[in-house]
Every structure is written in C-alpha cells, then in structure tokens.
Amino acid sequence: MTTMTRPAALPPGPTAPRAVQGAYALTQPLRGLRRLKERYGDAFTVNVPIFGNAVVISGAAEIKQLFTSGPELVDNLEVNLGRVLGPRSMFALSGDEHKRQRKLLVPPFHGRRLAAYETIVEEETARELASWPEDKAFASLPSMMRITLNAILRAVFGAEGAEFAELRELLPPFVTLGSRLAVLPITKKGRCNPWRRFERMRREYDAIVDRLIAKARPDGDDVLAMMLQTRYDDGTGLSREEIADQLLTLLTAGHETTATTLAWAVERLRRHPALLAELQAGDGKLLDATILEVQRTRPVIDLTARQVKQDGFRLGRWTLPKGYAVLVSIALIHDDDTVFPLAATFDPHRFAGARPDLYQWIPFGGGTRRCLGAAFATMEMTVVLRTLLRDFTLVPTQAPGERWHSRGVAYAPAKGGRAIVRRRSSTGGDS
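Novice: Quick question: what am I supposed to make of the packing of helix 6 (residues 111-129) against helix 16 (residues 374-391) here?
Specialist: Any two packed helices are characterised by how steeply their axes cross, that is the angle between the axes, and by the distance between the axes. Close contact between helix 6 and helix 16 brings their axes to 9 Å; oriented N to C, the two are set at 40 degrees. In terms of orientation, helix 6 and helix 16 fall into the oblique class. The way helix 6 lies across helix 16 gives a crossing that is right-handed. Side by side, helix 6 and helix 16 meet where Leu-114, Tyr-117, Glu-118, Val-121, Glu-122, Thr-125 and Leu-129 of the first sit next to Ala-375, Phe-376, Met-379, Glu-380, Val-383, Val-384, Arg-386, Thr-387, Leu-388 and Arg-390 of the second.

Novice: Got a minute to help me understand a positive patch on the surface in this structure?
Specialist: Side chains of Arg-196, Arg-197, Arg-200 and Arg-203 sit close together on the surface and give a patch of like positive charge. Tracing the backbone shows Arg-200 in helix 9 (residues 194-215). The class of Arg-200 is partly exposed, set by a relative accessible area of 48%.

Novice: Quick question: what am I supposed to make of helix 16 here?
Specialist: At 3.6 residues per turn, the α-helix brings residues three or four places apart onto the same side. Between its terminal C-alpha atoms helix 16 stretches 26 Å, which fits the 26 Å expected from 18 residues at 1.5 Å a residue. Along helix 16, 14 of the 18 residues are buried, which leaves the element largely enclosed by surrounding structure.

Novice: Looking at this structure, I do not really get the sheet that holds strand 2 (residues 52-57). What am I missing?
Specialist: In spatial order, the strands read 1-2-8-5-3; together these five strands make up an open sheet with mixed pairing. Either end of the sheet is taken by a strand with one partner, and the two such strands are strand 1 (43-48) and strand 3 (74-75). Relative to strand 5 (residues 303-308), strand 3 runs antiparallel, the two being bridged by two bridges. Each residue of the ladder has a partner; that of Asp-75, found in strand 5, is Gln-307.

Novice: Would you take a moment to explain the pattern of salt bridges for this structure?
Specialist: Side chains that differ in charge, positive against negative, can pair when their charged atoms come close. As enumerated under the stated definition, the model contains 25 salt bridges in all. Glu-122 is the salt-bridge partner of Arg-390, the closest N and O atoms lying 2.9 Å from each other. Within this pair, whereas Arg-390 is found in helix 16, its partner Glu-122 is found in helix 6, the two being separated by 268 residues in sequence. Glu-163 is paired through a salt bridge with Arg-211; the nearest N and O atoms lie 3.4 Å apart. One end of the pair, Glu-163, is in helix 8 (residues 162-183); the other, Arg-211, is in helix 9, and 48 residues separate them in sequence. Residue Arg-211 is classed as partly exposed on the basis of its relative accessible area, which comes to 33%.

So, how was this worked out
Residues numbered from 1 in each chain as written. Predicted model: local features only at pLDDT ≥ 70, side-chain atom pairs only at ≥ 80, totals over all residues. Heavy atoms only, no water. Axes fitted to C-alpha atoms, helices over the stretch in contact; angles between N-to-C directions. Helix = DSSP H or I, 4+ residues; strand = E, 2+ residues; numbered from the N terminus. Parallel < 35°, antiparallel > 145°, perpendicular 65-115°, else oblique. Left-handed = near helix turned anticlockwise from the far one by under 90°. Contact = heavy atoms within 4.5 Å. Patch = residues over 30% accessible without salt bridge, like charges linked within 9 Å, V, L, I, M, F, W, Y side chains within 5 Å. Areas by Shrake-Rupley, 256 points an atom, 1.4 Å probe, with all protein chains shown as cover. Salt bridge = Lys/Arg side-chain N within 4 Å of Asp/Glu carboxyl O. Lys, Arg positive; Asp, Glu negative; His and termini not counted. Charge placed at Lys NZ, Arg CZ, Asp CG, Glu CD. Buried < 20%, exposed > 50% of the residue type's maximum accessible area, 1.4 Å probe, protein only. Expected span 1.5 Å × (residues − 1). Pairing = 2+ DSSP bridges.

Following this line, the structure appears as structure tokens:
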C-alpha cells in the first residue's frame, strides 16, 4: 500500500531573500521576533542562514507537541553546536546514540552528587565576593563568570593543579569565540579565518584534557573520574574523544549561561527593592521563585530547535516538510500573557508555592534534549545568590533596566549587571 504524503501547510512569514532575513535576525534578534509575531501570529516561517527554511513557534500547545514527539519525527538539527563543541558532544548526537550517552551523563548532576557540589560553589562565591568594593559601581558579570568557571572546573576535575590555571586562561576566550562562531554563517575556508584560531585553541584544550585523564584517580568522585568509570550496557567505556567533547560541553554550557543569569538576577533585584528586602530576610522559597522569574523574563538562550525527519510532519495547525527546522522562541512564550498573566511584570510571587509547567517555562529547552545540567545550574544560582544576600546588601537603583546584549549564543545585560553593594554585619543586619 502506498503511503500518501500530506501536502505542506506552512504558517505565513516574510518573503525577503535569505540574506536579508539573516541580516534582520542578526541586527534585530529579539525585537525582530516580537515584530514578526505581531504581524503573523504565534507561528511564522522564515528563511535564514545556518537554519535555512524554518518555522518559528511560540504557542504552548505546539511547543508541548514538539517536545513530546519522538526522534523518528523530529530530532537534532543537522547544523548544531557540535560545530564548536565537537562531534561527540550531546549537542551533536541524535537518536539512540544521544539517548545512550545522556543516560550515562545524568548521574553526576543529580541526587547526592549534586548536594556534594554545594560546598564548592559556596567556597568559590565567598572567595570572589571578598574582592567586591563597597559603594562603588561595577559590573557583576565578570565575577559571576569566575565563580561559575571555577566551580565547574572543580566539580569536573576535583583538586586544583597546573592544568586548572591553563583552563582558566583558555576557556573564557574559547567560549566567547565559539559562541560567536556558532551563530554566524562563517565557513572554515580561508587563511585569515576565525575558525583557524578556534581550532588551535581546541587542540590546546585537548592536550590539557589528555594530561588530566592520565592523572585522574580511578576512585575519585569528580565528574571526570565518574566518566572514566562509567560503562555502556555492552561493557565498553567512553572514548577519549567522547570524554573530551562532553567535558567541553559541560565546561562551556554550564559556565557562561549560569553566570549570565546571575548577572541578570543582580540587575533585576536592584530595581525591585521590596523584593530585595524580603529576600534579605532569608526567605528561601521566595529566592527559588525569584530565580525562576529571572529565567522567565531574562532567558539567556532564546531559541531551542528541532529538525523535521519525516515528510508531512503535523504540528498543530501546520504540516511541515522533511528537513525544515522548527525553532521554539523561549522569549516569546515567556512573554505571552495567556500563559503568564501580566507577563511584562517581573513578579517572582507568581511562582511562590508552584512549580512552572516545563512545556511553557523553558529556559533549559525541553523534552529529551532538555539541558542535562539544569539541576546543577539551579543549585549553583541558588547558592551564589543566597551567599551574596547573606554577606551584602545590594543598593537599589531607579535607573532603567539594562538592555539585552548578544554575546553570540547567550544574551547578557548590556552593562554587565551593574552592582553597588555594602557589606552586612556578622549578625545579619546591614552595616
């Protein structure tokens, strides 16, 4: 019997050439998406560099359907972050191979293992905050970057050593360059090409990881030791290439995005003094809700994506051809008043006593490709902010909110989350 393929039924969208749409996407990323939604509705078709033909969605029902569809229908993009993180990273894998590696990498970031990392995060936070000046404006983002980088390095590799210093020096420019290359339609051809610099840095990273693998204790409790100990169902272990690519994924994805969210938290709290006073009193549940609301209103990653693997894939009202990308706009659904009433208002109390729907609140993506380190990132943000609020008072400001600034993959506050702080007394009151 012959299977009939449904004819494509695509949402409307702009008809400008790919290059024009690409330029618009690069120069007006978030504002452009909002304008397209105003014109075409919560689903529209675009044609842009890197993704090619794509449907952008922001409706809750269609997002849930996408995230719950099997890999035979929609799966990883052919062009993905594997370009910068390596072909064996979680971002590059698809289907059964992705499922198999994800199963191996979940245990180090959940349960008792996760609780053991809290001390590391608090130590790194206290070390960094000790250098903060009082009554003087400064950008908090660089501090948050150092905290999250040092914490993930210690969690992944255990004790410090010579390789730590090398990775601390290498990873920040490596991540910055990789983030930009990931979103720019630049080929690897040509002599004066940024990819050449990136590949040199990758070779340097690989050499450091090789030395760390050689030094790793087989009975260690850090992530590297656990990766060396872990086995697939057939008894084989992870290859050196798999370990290197997965560690790079953990070090980069678990460093910049968490730090950027923390800088946004500083930026938001300074503009909401009543909330700040409640948090300063030690309300732990409200702190949890505040982190959720920061991620809703200031998601540092705007898009999560899938690619259609079966011709005639039915997504809500639409029928998509094989090969089309489906881009979920995190910012658009987070800004939707029908999903989050008064969505433009920063109000952590909306999450007090309630957990968000993970098909609507999606800063970590969703479905089988939801961020593997989501629990670690949440723990880290909680510990950093709890320590900050215990030791310092953030001085409120009436300045307008900081604008969004693209760092490549992530969106950061344009002024780096400017802070003015005063140290609190040892009794818990303000000094």
